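Each chain, written out:
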Amino acid sequence: MVKVRCIYGFLLIVFMATSLFGLAGCAQLRDKFIRKPEEEIKNKTYYAVREYDVEPSLELYTKRYIFWKTWHKELLDVLPKGNRKKIVVAVEQELSNLMDLQNMLVEEKALSMQEDIDQLMSIEMEIKKSGVTRGNKVHIRRQLESIGKKVKKNFSYRKMGGYVRDDFRDK
């Protein structure tokens with residue numbers, strides 16, 4: 001009986017000692033359980049080391065067209081999955097590449113592309129403002145497919161060989 005009490009007493013002392021050491025630690029008790037404020041993330045600034053003198057050419061137009069086509073496909077693939085960040089990045093990149101294509105074309109062809117750019121800008125604003133919901137997902141997808149068909153039909157690099165301008169426009 002005495003041995004059992006000694007064992008229980010010893011276990012109680014060991015339990016209390018481990019609890020005390022576990023709670024003590026290196027920091028004060030209140031600092032362990034209080035959330036720390038999040039640090040602000042600062043945007044990094046990158047500077048161009050040197051200026052590149054690039055002139056529009058069919059090769060550059062072809063590269064931009066392929067970039068546009070890839071981002072257009074990516075946007076259509078990501079749209080049903082509902083990942084907001086990926087959708088926003090894809091629509092921004094698609095719009096950027098389409099505007100680059102427009103800047104490389106002569107005035108007449110650039111004006112005919114403006115309608116598609118305006119439609120894509122309205123889609124971008126809708127996505128950024130309200131996101132992609134069940135209600136507008138089908139509508140946005142149909143608009144994107146329509147833009148894609150028009151651009152592929154009218155502005156492919158095979159058809160635009162003679163319409164690439166000699167220098168970039170200032171925007």
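Preceding block: the structure.
Presented here is a report on the structure given in the accompanying data block. (Residues numbered from 1 in each chain as written. Predicted model: local features only at pLDDT ≥ 70, side-chain atom pairs only at ≥ 80, totals over all residues. Heavy atoms only, no water.)

**What about the overall build of the protein?**
Across its full length, the protein holds six helices and zero strands. Across the protein, helices and strands are ordered from the amino to the carboxyl terminus as α-α-α-α-α-α. At a minimum sequence separation of 6, the contacts of the protein that also span at least 24 residues come to 73%. Accessible surface, the protein as shown: approximately 13,500 Å² in total, 57% of it carbon and sulfur. (Helix = DSSP H or I, 4+ residues; strand = E, 2+ residues; numbered from the N terminus. Contact = heavy atoms within 4.5 Å. Areas by Shrake-Rupley, 256 points an atom, 1.4 Å probe, with all protein chains shown as cover.)

**So, the packing of helix α4 (residues 84-104) against helix α5 (residues 107-130)**
Direction vectors running N to C along α4 and α5 enclose 165°, while the axes themselves pass 10 Å from each other. By the angle between their directions, the pair α4 and α5 is classed as roughly antiparallel. In this structure, α4 meets α5 at a crossing whose hand is left-handed. Here R84, I87, V88, V91, E92, E94, L95, L98, M99, L101 and Q102 of α4 lie close against α5, whose contacting residues are A110, M113, Q114, D116, I117, L120, M121, E124, I127 and K128. Partitioned by chemical class, the residues of the contact of α4 with α5 number 13 nonpolar, two polar and six charged. (Axes fitted to C-alpha atoms, helices over the stretch in contact; angles between N-to-C directions. Parallel < 35°, antiparallel > 145°, perpendicular 65-115°, else oblique. Left-handed = near helix turned anticlockwise from the far one by under 90°. Nonpolar A, V, L, I, M, F, W, Y, C, P; charged D, E, K, R; others polar.)

**Focus: the nonpolar core**
Ranked by internal contacts, the top residues of the largest apolar core, which has 29 residues, are Y61, L98, M113 and L144. Counting only elements with at least two residues in this core, the list comes to α3 (58-78), α4, α5 and α6 (134-154). Here this core gets eight residues from one element, more than from any other, and that element is α4. Not counting residues up to four positions away in its chain, the partners in contact with L144 are H72, L75, L76, L79, E94, L120 and I123. (Core = buried A, V, L, I, M, F, W, Y, C linked by side-chain atoms within 4.5 Å. Buried < 20%, exposed > 50% of the residue type's maximum accessible area, 1.4 Å probe, protein only.)

**Overview of the pattern of salt bridges**
A full pass over the atoms with the stated rule returns nine salt bridges. Measuring nitrogen to oxygen at the nearest pair gives 3.7 Å for the salt bridge that ties K63 to E59. Of the two residues, K63 and E59 are both situated in helix α3; the distance of four residues between them amounts to about one turn of the helix. For K63, a relative accessible area of 43% translates into the label partly exposed. For E59, a relative accessible area of 56% puts it in the exposed group. Between R64 and D100 there is a salt bridge whose closest N-O contact spans 3.5 Å. Linking R64 in helix α3 with D100 in helix α4, this pair joins segments that are 36 residues apart in sequence. Via salt bridges that share partners, E92, E124 and K128 belong to a single interconnected network. (Salt bridge = Lys/Arg side-chain N within 4 Å of Asp/Glu carboxyl O.)

**Points about the environment of K159**
Here K159 is to be found in the segment after α6. By relative accessible area, K159 is classed as partly exposed at 48%. Aside from chain neighbours lying at most four places away, what touches K159 is K153 and N154. Of the polar contacts made by the side chain of K159, one reaches the backbone oxygen of K153; its length is 2.6 Å. (Polar contact = N/O pair within 3.5 Å; in protein donor to acceptor, adjacent residues only side chain to side chain.)

**Some points on the side chain of R165**
With respect to the element layout, R165 can be found in the segment after α6. Assessed through its relative accessible area of 15%, R165 is described here as buried. A polar contact of 2.9 Å, which involves the side chain of R165, links it to the backbone oxygen of L105. Discounting residues that sit within four places of it in the chain, R165 has contacts with P56, N103, M104, L105, V106 and E107.

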